[in-house]
Amino acid sequence: KAGVTQTPRYLIKTRGQQVTLSCSPISGHRSVSWYQQTPGQGLQFLFEYFSETQRNKGNFPGRFSGRQFSNSRSEMNVSTLELGDSALYLCASRPLANQETQYFGPGTRLLVL
Amino acid sequence: GENVEQHPSTLSVQEGDSAVIKCTYSDSASNYFPWYKQELGKRPQLIIDIRSNVGEKKDQRIAVTLNKTAKHFSLHITETQPEDSAVYFCAAGATGGSYIPTFGRGTSLIVHP
């Protein structure tokens, strides 16, 4: 099976812009979680989607949002970008909600100037 | 919420030595403890995990131990090799549908040939 894929892999934006990142889970996986990884804060949970519904949300401002489509592909959107949003954004998929093993994608590295 | 502390932040060893990374967690409801390896520029990959009903788990040169009473768990790597050089993350979370892992800050392991 193909692994988790994310597009784009690299992105440069300026403050105030918005960005949309995409994640395609492993075929058959229905849960997709998003994480922000920075040197200062480590890996932090953003939100999780399962069957097109947001199940959980981390402690991030409302500028961070996401959605999941019927084919389990997920997108996350960050509006009004700030310099502090520069990070590696990782998504992870797992087969079902009650199976904990997560498989990470390669990430999208976002740089906000 | 859960809080995971990971030590040390950097670990330098000679090839062939053993390496030990320790994590403590705060939430007694956590019952699933995965460890991830992230090589430079690559995605985090699950290397071993342990559940709270088990005290120790081994997979070739890698082992994980769990002390539920003290709320800490450790990763042990024996006979380290240069390709073991990477950042290692521990995580803790409660299973049962709504799984939101909390990650440690990571340990940069350097294995000198």
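Check the entry above for the structure.
What counts and what doesn't
- Residues numbered from 1 in each chain as written.
- Chains lettered and ligands numbered in written order.
- Predicted model: local features only at pLDDT ≥ 70, side-chain atom pairs only at ≥ 80, totals over all residues.
- Heavy atoms only, no water.
- Contact = heavy atoms within 4.5 Å.
- Buried area = accessible area lost by both parts, 1.4 Å probe.
- Salt bridge = Lys/Arg side-chain N within 4 Å of Asp/Glu carboxyl O.
- Polar contact = N/O pair within 3.5 Å; in protein donor to acceptor, adjacent residues only side chain to side chain.
- Helix = DSSP H or I, 4+ residues; strand = E, 2+ residues; numbered from the N terminus.
- Nonpolar A, V, L, I, M, F, W, Y, C, P; charged D, E, K, R; others polar.
- Pairing = 2+ DSSP bridges.
- Axes fitted to C-alpha atoms, helices over the stretch in contact; angles between N-to-C directions.
- Phe/Tyr/Trp six-rings, centres within 6.5 Å; stacked < 30°, edge-to-face > 60°.
- Buried < 20%, exposed > 50% of the residue type's maximum accessible area, 1.4 Å probe, protein only.

Draft legend 1. Here's a closer look at the interface of chain A and chain B. Contact with chain A, which involves 23 residues of that partner, is made by 19 residues of chain B. Here chain A meets chain B over a buried area of about 1,700 Å², counting both sides, of which 51% is carbon and sulfur. The largest contributions to the chain A side of the interface with chain B come from Leu43, Glu100 and Phe104 of chain A, which together make up 35% of the buried area. Counting across the chain A and chain B interface gives one salt bridge. As a salt-bridge pair, Arg51 of chain B and Glu100 of chain A come within 2.9 Å of each other at their nearest N and O atoms. At the junction of chain A with chain B, the criterion picks out five residue pairs in polar contact (both at pLDDT 80 or more). The set of elements that each furnish at least two residues to the side of chain A that touches chain B consists of strand S4 (31-38), strand S5 (42-50), strand S6 (53-57) and strand S9 (87-94) of chain A. With four residues, the single largest contributor to the side of chain A that touches chain B is S5 of chain A. When grouped by side-chain class, the residues that make up the side of chain A that touches chain B number nine nonpolar, nine polar and five charged.

Draft legend 2. Seen up close, the sheet that holds strand S3 (residues 19-25) of chain B. Residues and elements named next belong to chain B. With antiparallel pairing, the five strands of this open sheet are ordered in space as S1-S3-S8-S7-S6. Looking at strand neighbours, the two that pair on one side only are strand S1 (4-7) and strand S6 (56-59), the edges of this open sheet. Neighbour-to-neighbour, the strand axes of the sheet open up by a mean angle of 15 degrees, direction not taken into account.

Draft legend 3. Examining the packing of aromatic side chains more closely. Residues and elements named next belong to chain A. Going through the model one piece at a time under the given rule, you end up with 13 aromatic pairs over all chains. Ring geometry for Tyr35 versus Phe45: centroids 5.8 Å apart, planes at 70 degrees, classification edge-to-face. Taken together, the residues Tyr35 in strand S4 and Phe45 in strand S5 connect sequence positions ten residues apart. The buried category is assigned to Phe45, whose relative accessible area is 9%. Ring geometry for Phe47 and Tyr49: centres 5.7 Å apart, planes at 70 degrees, overall edge-to-face. Side by side, Phe47 and Tyr49 carry an identical accessibility label, which is buried.

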